[in-house]
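# Architecture at a glance
What follows is the residue order along each chain.
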Amino acid sequence: MDWGTDLWDQYDVIDKHTQSGLDLVDRYIKFVKERTEIEQNYAKQLRNLTKRYAKRGSKDEQDCKFSNYASFQEILNELNDYAGQRELIAENMMTAICVELTKYLQDIKQERKTHLSDAKKAQQTLESSFKHLESTKKRFAKEWAEADKATQQAEKTENDLNATRLDVEKAKQHAHARTHTAEECRNDYAAQLQKYNKEQNFFYYSEIPQIFNKLQDMDERRIQRLAEGYCQFSDIEKKVLPIISKCLEGISTAGGKIDEKQDSILFIEQHKSGFERPGDVEFEDYTQGIKPATSDSSLHPPKVRAKLWPFSKKHKTTHAEKHMPPPAEDFSHLPPEQRKKKLQAKIDDITKELQKTQDQSDALEKMKGVYEQNPQMGDPSSLEPQITETAQTIGRLRGELAKYETWLAEAVGGEESSNTVNNNAQHSISSVVTADQSQNIYTEFDDEFDDIESPIGQCTALYTFEGNSEGTISITEGELLSVMEEDKGDGWMRVLRANGEEGYIPSSYVKLTP
């Protein structure tokens, strides 16, 4: 069954049906757009929610050491990632459904307009042919009536006794002319009728069926494309469901990470003062009489009750307290346990900074060695200021490290002190030995510089570039760089910075130095 065969006379119905189908596509596009707006607003609200409840500040960072606080932060992070997936759903729906269906709708509207226009033109052509047929038919009828009238007049004239021979001949000639004209009109009418029937047959059995079948094919393609859009509405969300599931699993995992016992231990470690509990209050016997002030008051001063730390009341800060000197550098203002923790944390920070500075020094020495072997790459003396500054920083950090280790030894005391000091001393000595060995690498392995990848040129950064993606590095405007690998046509080149950092940057961001 097809439209051309079964709906050959339903032009208006087909027109209305196809228009209704296009309206449905347009409604679906609007529906998906509103869905994407809902998704975007939902994602925005989720992001604002996570941002509002995210921890900020040093106190919050301290709290995040507890597993229940840290898990809540992980939940916020997972929820933020979940919001990103909702945004991705909205973006993909807008691109894959709304944009593509809008383009398709414009094309199919134009196609429908063309088919309907062809049908109207065919209809107009057939109507024009029919009008011409009617005109020929009317002319034939008129001419035949005139010929019949002329024939009857000729017969009447011939039977009239008073008519002359000339009148009779004249009447016969007139009748003959009229009859001949009527015959010609009859032949024209017959020819036009045959032509019209042929055109009508072509119109109803070939032309219109073809146009209606094209409209049917167009409508079926529209339905199929709309069905794909319906499926995409679900498939787009299904594609991100694995990631959404991971986010939800991450939230569950964060809840499972909570260790209440460990949190209690951590809380104790953070706030343990190290003070001994107060001893018993001694009984003061006044029945023995008052002792001489000269002996007892000077030799036995009144005992002062130790401060009850757990029950000390908070008091308002006085004017004098506001102007008290800042906390001591050796943290002697803290309880013993907290002082040891602060000192150890300070030693760890200095050790990390010392290692980082030592790595930077090694990189500068390596660059200097490369320049010494390849003078065309750069002047080794240009690195001396940075090498000197780095060496001074290393000396300062080593001094601070020794100072804080001494304070830690004083805080720990006894055998524990010696063990801690020895461990830290060994750690710092190993760092120093590593640094000294790193500095001597280049004197011991000068012959192996041929194995090091040598720069192939130099360039100057024209603009600042932030290398955020993997494999790229950040550069600053005016920075001198060593070219390790030229641009291979993809717009990127590999360079080496003065601090030893190596990676890719856009070729258009630098200018090669001759």
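Our subject is the structure listed above.
All values derive from a computational prediction rather than experimental measurement. (Residues numbered from 1 in each chain as written. Predicted model: local features only at pLDDT ≥ 70, side-chain atom pairs only at ≥ 80, totals over all residues. Heavy atoms only, no water.)

### As for the overall build of the protein
Looking only at helices and strands, the protein has 11 helices and 5 strands in total. When burial is assessed residue by residue, the protein has 30% of its 514 residues classed as buried. Of the contacts formed within the protein by residues at least 6 apart in sequence, a portion of 72% connects residues at least 24 apart. Surface accessibility of the protein: about 35,000 Å² in total, with carbon and sulfur atoms responsible for 52%. (Helix = DSSP H or I, 4+ residues; strand = E, 2+ residues; numbered from the N terminus. Buried < 20%, exposed > 50% of the residue type's maximum accessible area, 1.4 Å probe, protein only. Contact = heavy atoms within 4.5 Å. Areas by Shrake-Rupley, 256 points an atom, 1.4 Å probe, with all protein chains shown as cover.)

### Brief notes about the packing of aromatic side chains
Applying the stated rule across the entire model yields 16 aromatic pairs. Between Tyr28 and Tyr230 the ring centres are 4.8 Å apart and the planes differ by 80 degrees, which places this aromatic pair in the edge-to-face class. Of this pair, Tyr28 sits in helix α2 (residues 11-53) while Tyr230 sits in helix α5 (residues 165-256), placing them 202 residues apart in sequence. Three or more aromatic residues joined by ring pairs make a cluster, and in this case those are Tyr28, Phe31, Tyr230 and Phe233. (Phe/Tyr/Trp six-rings, centres within 6.5 Å; stacked < 30°, edge-to-face > 60°.)

### Re a nonpolar patch on the surface
Taken together, the side chains of Leu49, Tyr53 and Phe72 make up a nonpolar region of the molecular surface, amounting to roughly 270 Å² of accessible area. The residue Leu49 is located in helix α2 in this model. With relative accessibility at 30%, the residue Leu49 sits in the partly exposed group. (Patch = residues over 30% accessible without salt bridge, like charges linked within 9 Å, V, L, I, M, F, W, Y side chains within 5 Å. Salt bridge = Lys/Arg side-chain N within 4 Å of Asp/Glu carboxyl O.)

### Remarks on the sheet that holds strand β1 (residues 457-461)
Strand order in this open sheet of 5 strands is β4-β3-β2-β1-β5, and the pairing throughout is antiparallel. At either end of the open sheet lies a strand with only one pairing partner, and these are β4 (502-506) and β5 (510-513). Going from strand to strand, the sheet's axes swing by 45 degrees on average, the running direction of each strand aside. (Pairing = 2+ DSSP bridges. Axes fitted to C-alpha atoms, helices over the stretch in contact; angles between N-to-C directions.)

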